[in-house]
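Close look at the chain arrangement
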Amino acid sequence: MDNHVTQISREDLEDLREAFDRIDIDNSGFVSDFELQELFREANFSLPGYRVREIMETFIAGDTNKDEKISFEEFVAIYQELKSKKFSETFRKSITRRDGIRSFGGMSGNSSEGTQHSYSDEEKVAFVHWINKALGKDPDCQHLLPMNPDNDSLFTSVRDGILLCKMINLSQPDTIDERVINKTKFTTFKMTENLVLALNSASAIGCTVVSIDAHDLMAGKPHLVLGLLWQIIKVGLFADIGISRNEDLMGLLSDGESQEQLTSLSPEELLLRWVNLHLRNAGTNTISNFSDDIKDSRAYFYLLDQIARKSEDDLKMKVTIDMRGLQERDLDNRAELMLKQAARLDCRQFVSPQDVTSGNSKLNLAFVANLFNRHPSLQGGHINGINHAHIEPETNEEKTFRNWMNSLGVAPFVNHLYYGMCDGLVILQLYEKVNVPVNWKRVNQPPYPYLGANMKKLENCNYAVELGRDVAHFSLVGVGGENLNEGSRIHTLALVWQLMRRYTVLVLSDLGDGEKVGDQIILNWVNTTLSTTRKDSQISSFKDKLISTSLPVIDLIDAIAPNTVKWDMVKRADKGVLKADDKQDNAKYAISLARKIGARVYALPEDLVEVNPKMVLTLFACLMGHGLKKVNR
C-alpha cells in the first residue's frame, strides 16, 4: 500500500459507511468479492470491471485469512489508496448517474479545481427549506431569503458570509457576536472578513473546515457549501443529545446497563434507542437503522402517535395522529400522509416522501433529531421509579477540548470527552496533528475482538502515554494508560491540555518547534506589541485580572489589525470598575474579532471573564501567530 494515501474526512467516512451498509444487506460486516464493483458505485467511485478484478487480485494476494471477503476497514483502506496521489491519474471519479446526484468540475487529478465532485439535490432542497424556515424572519437575511429550492440560490447565498454566521448562531447561540458581522457595503474584502469569521467560528463549535477557505465559499462550490452546512446543522440538532448535556436521556437506560455505557453512546445511537423506546411502548417492531427500516413509514407513524400522546402539555392543542395512512399501499403516498401528520407537530423538516422511501439516512437522521428536540417525551432519570445518579454536566473546558478535537477531523467523532477517548485512537490521531510520529503498526484498530477488547484498548492507551512522556516530553506524572482507558477526568484532561497547548504554539512556526515556545516568550510578545503601538494595556501573566475586562485582547487586535475595532462597542470601566455584564460583552466582542481577523480561536468569552489561564494562553498564542504572519508577508 502507498505510504502517502489520501486522508479521508469524517463526512466522507460516514458516506462510505452508508454505502457499505447498503451492500451488506445481511449485516454480516463483510461484502463478497463479486459485490465490490457495486460497492464502489454506491460510493460514487465507479470503476470498470477489469479494474475491480485487478484490485481483487491484489487484495486476495495480501489477504491473510484468504476468505475473499472484505470488511469495512479493508474497503476504506482500498478506497484511500485509490484516491491517493499515486493512483490519481489512473482512477478518476466518474460522473454519477444516480437520480438526485449532480456532478460538476473537470476530471484532472492535479488540483481540486479540476477534480469532479458530486452533490445531492435532496440535501440541497432539505437545507434550503430548513434555512428558509429558521431565518425567514431575520432582518439581516431578507436580501437572501426565501431561497428557491429548485435552483442554485443556496450556493450563491453564502457569498457574503451573513447566512453562515446566522446559521452558526442558530446551532450554537452566541458563538458569534453579531456586532462583528459586516452587514452593509458588501465589498469583496468585507465579505471575505465575514467568511473568515464564519469558518473560524464553525471550527470553534467542532466543525471540520481544514479543506475549506473563504474563496471556496465565495465561489459557491456546491459540495463544500453543503458539507459545511450539514456540519453546522448537525451541531445544532445534536447539541442536547448527550447524557452530560441532557439528563432526561437517562430514561433510555436499559436493564442491567451501567450509566457509563449509556454515556458513551453517540447521538445517532441515542436517537435510535429513543425511537425504539416509543416503538416498544406502541407494541410494534423496533428498527436498527434510519435507512432501510424506515422506508415503509411504519415506524414513523407509531413514533408520531406516541409523541402526540405524551406531548399534550407541550402542544397548544391536543393532536391525535391519523394512523389510517398505514393502510396506503403506495409507499410514496404513505410517506406523504405520514409527513402531513408530522407537520401537525411542526416537525416536517428535512425529508420529502422520496427521502423516506429511498432511505436517505442523513436526512432521516436529521428528521428524527428535530422530532426529538421538539418533543422528547422522556421520563428522565426517574424511569421505572429508580432515581439514577446525577450526571455531571459538561464544563466549558471539556466542551472546548471536544470541539477542538472534532474540528481537526478525528475519527470517530468525540461526543463525550472521556468515554470517546478510552481506546486511545483519538489521542494517537492528535499526536500526529502536533508532529509526534505514531507507529500505527503498534496500534490496535477496531473492530476489537469480543474477548479481550478492553486489553486491546488499554494497549493503545499505554502507547499514548509512552509517546507523550518519551517523545512529546509532556509532564505525565501519575498518568498511566489505565487512567485514560477508564475515562479518568483528571488524567485525561492533563494529557489533552498539553496536546492542545502544543498544537496552539505550533502556529508560531517562525519561533521554531512548538515545545520550545514558553509562556514567557508569548507574554513578552504581547506586551511589546502593545507598548510599541502605544496601547495602555500591559499584563503581568496569563492570570492578570485585567484580562477579565478583555481590554488587553481588544487592544492587541487593534495593534495587529488596525481599524478592525469599533471603539464605540467597547465598554470602559466606570469609576475604575467594569460591571459583570460589560465584561461579558467585551469578551464576546474580543473573541469574535479575533476570529474575524483570521485567528483560529477556541477559547470562550467565559474564559476571558473568569481569566482561565490555559485558554487565555491559547488565545494570545493564536493572535501572536496571526500577527507574525502579517509581519512576514
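In this report, we go over the structure that sits alongside the text. Every chain begins its residue count from 1, and numbering advances along the sequence as written. Predicted model: local features are reported for residues with pLDDT of at least 70 only, side-chain atom pairs are reported and counted for 80 or more only, and whole-chain, interface and lining totals are derived from all residues. As a convention, hydrogens and water are excluded, and side-chain values are obtained from all of the structure's heavy atoms.

Let us now look at the overall build of the protein. A helix here means a DSSP run of H or I that spans at least four residues, while a strand means a run of E at least two residues long, and both kinds are numbered starting from the N terminus. From N to C terminus, the protein includes 26 helices and four strands. For every residue, the accessible area (1.4 Å probe, protein chains only) is compared with the maximum for its type, and the residue is labelled buried under 20%, exposed over 50%, or partly exposed between those bounds. Counting the 633 residues in the protein, one finds 55% classified as buried. Restricting to contacts in the protein with at least 6 residues of sequence separation, those with at least 24 account for 59%. Reported accessibility uses the Shrake-Rupley method at a 1.4 Å probe radius. Residues are deemed covered only where the shown protein chains occlude them. About 29,300 Å² of surface is accessible on the protein, with carbon and sulfur atoms providing 49% of the total. Here a residue-residue contact requires only that any non-hydrogen atoms of the pair lie within 4.5 Å.

Between rings of Phe, Tyr and Trp, where Trp is taken as its six-membered ring, a pair exists when centres lie within 6.5 Å; planes separated by under 30 degrees are stacked, by over 60 edge-to-face, and by other angles tilted. Counted according to the given criterion, the structure contains 11 aromatic pairs. Taking 5.6 Å as the distance between ring centres and 80 degrees as the angle between the ring planes, the aromatic pair formed by Phe-20 and Phe-72 counts as edge-to-face. Taken together, the residues span a long stretch of sequence, with Phe-20 in helix H1 (residues 10–23) and Phe-72 in helix H4 (residues 72–83) at a distance of 52 residues. Among the residues examined, Phe-20 registers a relative accessible area of 0% and is labelled buried. Residue classification places Phe-72 among the buried positions, given a relative accessible area of 9%.

It is worth spelling out the environment of Leu-262 at this point. With respect to the helices and strands, Leu-262 occurs in helix H11 (residues 259–263). Among the residues examined, Leu-262 registers a relative accessible area of 0% and is labelled buried. Linking Leu-262 and Leu-249, residues 13 residues apart in sequence, is a C-alpha distance of 8.9 Å.

Cavity means a closed set of points on a 1 Å grid over the protein atoms alone, one where a 1.4 Å probe fits but cannot get out, pocket means an open set with protein on both sides within 12 Å along at least 5 of 7 lines, and lining means a residue has an atom within 4 Å of a point. Grid points are joined across faces, edges and corners, and a volume is the space filled by probe spheres set on the points. Following the criterion strictly, the structure yields one cavity of 30 Å³ or more and no others. In this structure, the largest cavity spans a volume of roughly 50 Å³. Lining the largest cavity, in full, are Ile-241, Gly-242, Ile-243, Ser-244, Arg-245, Thr-263, Leu-265, Pro-267, Leu-270, Asn-415 and His-416. Class assignment for the residues of the lining of the largest cavity results in five nonpolar, five polar and one charged. Residue polarity is assigned by list, with Asp, Glu, Lys and Arg as charged and Ala, Val, Leu, Ile, Met, Phe, Trp, Tyr, Cys and Pro as nonpolar; anything else, Gly included, falls into the polar class.

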